[in-house]
Amino acid sequence: MPSHSSNPGGASRVRRRALLGTAVLVVLVALAGLAAYLTRDGRTSPKAPVPQASSSSPFSSAASTSGSPSPRSRPHSLPIPPDTHDPIEFGKAAAAAVWSYDTRAYSQAELLTALHRWLTTETKYADPASVDVVVPSPALWKEMATNGQFATAKVNEGHFPDSFTQALQANPGTITQAYVYAVTVSGKQSIAWNGSPAGGAENRVTTLAVQCRPSHPCALAGVMPSVAP
């Protein structure tokens, strides 16, 4: 990921990231420990795995094929956000969207554009950089495309983190500032490529910030840098 220090727009992205964290953590003011957990340095936080590409195996050798679903071989369309007012249902759909890609069907830029359409139009809460970082870089995408690499996702479950729920119950009015919810989703990502439709699978878990104002369908605020259980 490019350094923000040499990017004129870096400061604004940092501010958006800070606002996103504030919006999610507004209901967690009594839980300084969780706040620190959600906003701690990425070097001590689980990072979204980046798909690997090589001449022998386009996915990580740590991937397990045991009990994993096989991605279908036909090309997949770009992800479209669901029309729902349920933050957990939206979070599950968003997780599946960021875990999926198909180098045979569209470009890296087209996938980024599609995922940005999931973001809230309230720019002070939207964090597009957190979405960009979970998508393969243009160079890696080009390498994966030579093998026709693609991935599908199977979501197992989604929930509000326990500490988020407890804080919301203790201070229910605080959510009304931004209506941004933390949603943790778990599932599996199955990866395959030309000549190997079975591929491999890895477990995935991520925490997303989802905005669901009463008057509007849910939208994505961003992908949190750490997983909240």
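Refer to the structure above for everything that follows.
A brief look at the structure comes next. (Residues numbered from 1 in each chain as written. Predicted model: local features only at pLDDT ≥ 70, side-chain atom pairs only at ≥ 80, totals over all residues. Heavy atoms only, no water.)

The subject of this paragraph is the state of the cysteines. Summed over all chains, the structure comprises one disulfide. Here C212 pairs with C218 through a disulfide, and the sulfurs are 1.9 Å apart. An S-S torsion of about 115° defines the bridge between C212 and C218 as right-handed. Across the pair, exposure class does not vary: C212 and C218 are buried alike. (Disulfide = S-S within 2.5 Å. Buried < 20%, exposed > 50% of the residue type's maximum accessible area, 1.4 Å probe, protein only.)

Let's shift gears to the pairing of strand 2 (residues 150-159). The side chains of a regular strand alternate between the sheet's two faces. Of the strand pairs in this sheet, strand 1 (residues 101-102) and strand 2 are connected by two bridges, and their pairing is antiparallel. Directly across from Y101, in strand 2, lies its bridge partner A151. Across nine bridges, strand 2 lies against strand 3 (residues 180-193) in antiparallel orientation. Bridge pairing in strand 3 places H159 opposite T184. (Pairing = 2+ DSSP bridges. Helix = DSSP H or I, 4+ residues; strand = E, 2+ residues; numbered from the N terminus.)

Before going further, it helps to examine helix 3 (residues 87-99). Here helix 3 is 13 residues long and its end C-alpha atoms lie 18 Å apart, about the 18 Å a rise of 1.5 Å per residue gives. Among the residues making up helix 3, those that are buried are P87, I88, F90, G91, A94, A95, A97, V98 and W99. (Expected span 1.5 Å × (residues − 1).)

What follows concerns the side chain of S130. Of note, S130 is situated in helix 5 (residues 128-132). Here S130 falls in the buried class, since its relative accessible area comes to 2%. Within the structure, the side chain of S130 is placed 2.7 Å from the backbone oxygen of D127, a separation counted as a polar contact. (Polar contact = N/O pair within 3.5 Å; in protein donor to acceptor, adjacent residues only side chain to side chain.)

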